[in-house]
Amino acid sequence: MDGASYGRYKSLAGEWRLDGGGVLEVVRAQSDPFAPPSRIAVHLGGEEAGFPAALTETPVRRRALASYLARRARAELRAPFRVDAGGQQVLDRASCQVGADGSVTLRLGAELPGRGRRIDGRAAERALCRALPDAVDRALYHDALDAKDVQRFVDTVEDTDALRRALPGLGLVAFVAEGAILPRASGVDDRPLGGGRAVPFTAPPELRTEIELPHAGRVSGMGIPEGVTLIVGGGFHGKSTLLRALEAGVWDHVPGDGRELAAARADTVKIRAEDGRRVQRSDVHAFVDHLPSGGDTADFSTENASGSTSQAASLVEAVEAGARVLLIDEDTAATNLMIRDARMQALVAKDREPLTPFVDLVRSLHRDRGVSTVLVMGGSGDYIDVADRVVMMDAYHPEDVTARARALAETPTGRTAEADAFPPVRHRVVDPASVDSAGRKGRSRIRPHGTDGLTFGEQDIDLRSVEQITDPGQAVGIGLALELAVRRGHLDGRRTLAAALDLLDRDLAAGAAGLLRVRDEDFAVPRRHEVAAALNRLRSLRVSGLRDAGA
Ligand code: ADP
Ligand code: MG
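What counts and how
- Residues numbered from 1 in each chain as written.
- Chains lettered and ligands numbered in written order.
- Predicted model: local features only at pLDDT ≥ 70, side-chain atom pairs only at ≥ 80, totals over all residues.
- Heavy atoms only, no water.
- Helix = DSSP H or I, 4+ residues; strand = E, 2+ residues; numbered from the N terminus.
- Rg over C-alpha atoms; globule rule 2.2 N^0.38 Å.
- Buried < 20%, exposed > 50% of the residue type's maximum accessible area, 1.4 Å probe, protein only.
- Contact = heavy atoms within 4.5 Å.
- Areas by Shrake-Rupley, 256 points an atom, 1.4 Å probe, with all protein chains shown as cover.
- UniProt positions renumbered as here; feature names shortened; annotations may be inferred.
- Donors = N, O, S within 2.8 Å, 3.2 Å for Na, K, Ca; no water.
- Near = heavy atom within 4 Å.
- Polar contact = N/O pair within 3.5 Å; in protein donor to acceptor, adjacent residues only side chain to side chain.
- Pairing = 2+ DSSP bridges.
- Axes fitted to C-alpha atoms, helices over the stretch in contact; angles between N-to-C directions.
- Salt bridge = Lys/Arg side-chain N within 4 Å of Asp/Glu carboxyl O.
- Parallel < 35°, antiparallel > 145°, perpendicular 65-115°, else oblique.
- Left-handed = near helix turned anticlockwise from the far one by under 90°.
- Nonpolar A, V, L, I, M, F, W, Y, C, P; charged D, E, K, R; others polar.

Trainee: Explain the overall build of the chain to me, please; I cannot follow it from the model alone.
Mentor: Along its length, the chain carries 15 helices and 27 strands. Its C-alpha radius of gyration of 25 Å places the chain within 12% of the 24 Å reference for a compact globule of 551 residues. C-alpha extents for the chain along the principal axes are approximately 80 × 50 × 40 Å. Buried positions account for 57% of the 551 residues belonging to the chain. At a minimum sequence separation of 6, the contacts of the chain that also span at least 24 residues come to 72%. Summing over all exposed atoms, the chain offers an accessible surface of approximately 23,100 Å²; the carbon and sulfur share of this is 49%.

Rendered as structure tokens:
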């Protein structure tokens, strides 16, 4: 093909046997050098790849092994190939899949070599017939790998997963092992803070819990119980760093990350203020009532939410989508939604203040709705009255100061509670026609902007405040999941959003395989919570019906 017009690459589409074993599949050849990269897959049979059954027996082990293999392949391959192997998190991703039979599929992008609009046949030959098969030989076969290193990777992920699954049975929302390294290298570098500067985590005796894990054995650490947990402490003492570790605790991490044994329940969602966001028919009346504009806050919409209403809507939406643990940091929360102290209550009468602060709702949220909260609040003592536990960060070491806080709470602040119950959330029915991934040319258009956003059809979804999205691949995964939810009729215009998410969860549980049916592309599988958060930020979203809880 050397010198032929670029379009002839298309004739490579199909399966090619590799001499050393395995099959190279050209899934999609690009039509010109400037089109999105071609898609290539390499398939190895289970016996060929040779991984012992112990490494491929369960979905978790397969996910971990696949992540390991993708990282190996990335290390072996250079341009024109690109392997999407991810960062510190071990996510289920399209780039590598291990089947229950031990088979291995590596999916990668390649910019097929050209000179202008002509095929560079020699370069293509070097890449496809030599570099790729060589890399496959070195990266995807059990025999070629350091068996101990593979085992350690898989065991690490299995331990984190087991830890996370054990939490509900122990009445915990999160657990951080002693010795964990929580601070990161920098705000833009997710690797652990190095150079001996990180202070390893320690557990206060009152909260020390031991958990038996399949590989690490008995580990000791701080268990955060269900209920309302307040994290206090001076500025720079490590409060936000702890909370961020809990946010990231819904994901598994690579060995050496420092957060391998810092886990939060899978239904943990970070909430923050996000002024300017759109809100579609959210029931925020628990937080907001009698607006000066006279709007109905049980059916509240806006194109431009304030800090407080955006946070109220995000919180209610998270609960609607199934969150059972909420994380809130004072650094990113709307103060007037969080607190209203005695003096302000005296100065501004209740009927002049539309907002009910979270401090008066957080207890009922747990007692009546079963949703726990972990809250960082160093700037106001009012939460001491409503917290089940108070943890103080002191020079990066947590201390249980619940007893001291209780003693302080004996002296009344003069505040009066402004609410006594968090009402059941109202469920929304989404109009599927308003969730359209088609671009102007009619073809589906899903493109990430790092972890900050997503082009979905004709719109950009702002994901900057959906902070648990940890990998650009998840943004693509969210887009594909939304498309799948519409295509498969999960969003059918009758079912509630929560019921549609239950159905979507089954597709997501099948891992990347489910979303690969939408499109062969690089992506990572998101949680239902991030899919729902993105949907709620889609500017075209229409809610066609509301259902009261129990109805
Ligand atoms: P706070 O929220 O209490 O003001 P942060 O969590 O933002 O404090 O932490 C302040 C600084 O201390 C950050 O630069 C963070 O990386 C660093 N830090 C946090 N925890 C540790 C730790 N365990 N060891 C070393 N540095 C830490
Ligand atoms: Mg902070």
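The discussion continues.
Trainee: Any chance you could explain the UniProt feature "domain: ATPase of the ABC class C-terminal" (unreviewed entry) in the chain here in plain terms?
Mentor: Under the present numbering, the feature "domain: ATPase of the ABC class C-terminal" (unreviewed entry) in UniProt falls on residues 147-420. With 25% helix and 25% strand, residues 147-420 has its two end C-alpha atoms placed 58 Å apart.

Trainee: Quick question: what am I supposed to make of the coordination of the magnesium ion (ligand 2) here?
Mentor: By definition of the ideal shapes, a tetrahedral metal site with four donors has angles of 109.5 degrees and an octahedral site with six donors has angles of 90 or 180 degrees. On the protein side, the magnesium ion (ligand 2) has Ser240 (OG) and Asp331 (OD) as donor atoms, found 2.1 to 2.3 Å from it. Taken together, the residues span a long stretch of sequence, with Ser240 in helix 6 (residues 239-248) and Asp331 in the loop between strand 19 (325-329) and helix 8 (335-338) at a distance of 91 residues.

Trainee: Please clarify how the site of ligand 1 should be interpreted in this entry.
Mentor: Residues in contact with ligand 1 amount to 14 residues; listed here are only the nearest, Val199, Phe236, Lys239, Ser240 and Thr241. Lys239 is positioned such that a nitrogen or oxygen atom in its side chain is 2.8 Å from an oxygen atom of ligand 1. Between ligand 1 and the protein, one listed contact pairs an oxygen atom with a side-chain N or O atom of Thr241 at 2.6 Å.

Trainee: I'm lost on the sheet that holds strand 20 (residues 372-376) in this one. Help?
Mentor: In a beta sheet, neighbouring strands are held together by backbone hydrogen bonds and run either parallel or antiparallel to one another. Within the open sheet, the six strands sit side by side as 16-19-20-14-21-22. Their pairing is mixed. With one partner strand each, in any of the chains shown, strand 16 (268-271) and strand 22 (397-400) form the two edges of the open sheet. With strand direction ignored, the average angle separating the axes of adjacent strands in the sheet is 20°. Direction of pairing for strand 16 relative to strand 19: parallel, over a ladder of four bridges.

Trainee: What is the right way to look at the pattern of salt bridges in this model?
Mentor: Side-chain pairs of opposite charge can arise whenever the charged atoms involved come near each other. Within this structure, the stated rule accounts for 56 salt bridges. Between Arg61 and Glu57 there is a salt bridge, and its shortest N-O distance comes to 3.2 Å. For the salt bridge of Asp492 with Arg494, the shortest nitrogen-to-oxygen distance reads 3.6 Å. Accessibility expressed as a relative area gives 58% for Arg494, which makes it exposed. Several salt bridges converge on common partners, so that one network encompasses Arg340, Lys350, Asp360, Asp382, Arg415 and Glu418.

Trainee: What is the right way to look at the pairing of strand 9 (residues 172-177) in this model?
Mentor: For a regular strand, side chains alternate in direction, first toward one face of the sheet and then toward the other. When you tally the buried positions in strand 9, you get six out of six residues, the bulk of the element. One ladder, built from five bridges, connects strand 9 with strand 13 (residues 217-225); its direction is antiparallel. Bridge pairing in strand 13 links Ala174 to Ile224.

Trainee: Mind showing me how you'd approach the packing of helix 13 (residues 497-509) against helix 15 (residues 528-536) here?
Mentor: Helices that pack against each other are described as a pair by the angle of their axes relative to one another and the distance between those axes. Contact pair helix 13 / helix 15: the axes reach a minimum separation of 10 Å and the direction vectors enclose 130°. One element, helix 13, and the other, helix 15, form an angle in the oblique class. The chirality of how helix 13 crosses helix 15 is right-handed. Together, Leu497, Ala498, Leu501, Asp502, Leu504, Asp505 and Leu508 of helix 13 and Arg528, Val531, Ala532 and Leu535 of helix 15 make up the contact between the two elements. A class-by-class count of the residues in the contact of helix 13 with helix 15 yields eight nonpolar, no polar and three charged.

Trainee: Quick question: what am I supposed to make of the UniProt feature "domain: MRB1590-like C-terminal" (unreviewed entry) in the chain here?
Mentor: Per the UniProt record, "domain: MRB1590-like C-terminal" (unreviewed entry) is found at residues 446-543. As annotated, residues 446-543 has a helix share of 44% and a strand share of 13%, and its two end C-alpha atoms lie 22 Å apart.

Trainee: What should I look at first to understand the side chain of Arg528 in this one?
Mentor: For Arg528, the location among the structural elements is in helix 15. Within the local environment of Arg528, its side chain forms a polar contact with the side chain of Asp502, the two groups lying 2.9 Å apart. At 2.9 Å, the side chain of Arg528 and the side chain of Asp505 are in polar contact. Those residues in contact with Arg528, other than ones at most four positions away along the chain, are Ala321, Ala498, Leu501, Asp502, Asp505 and Leu508.

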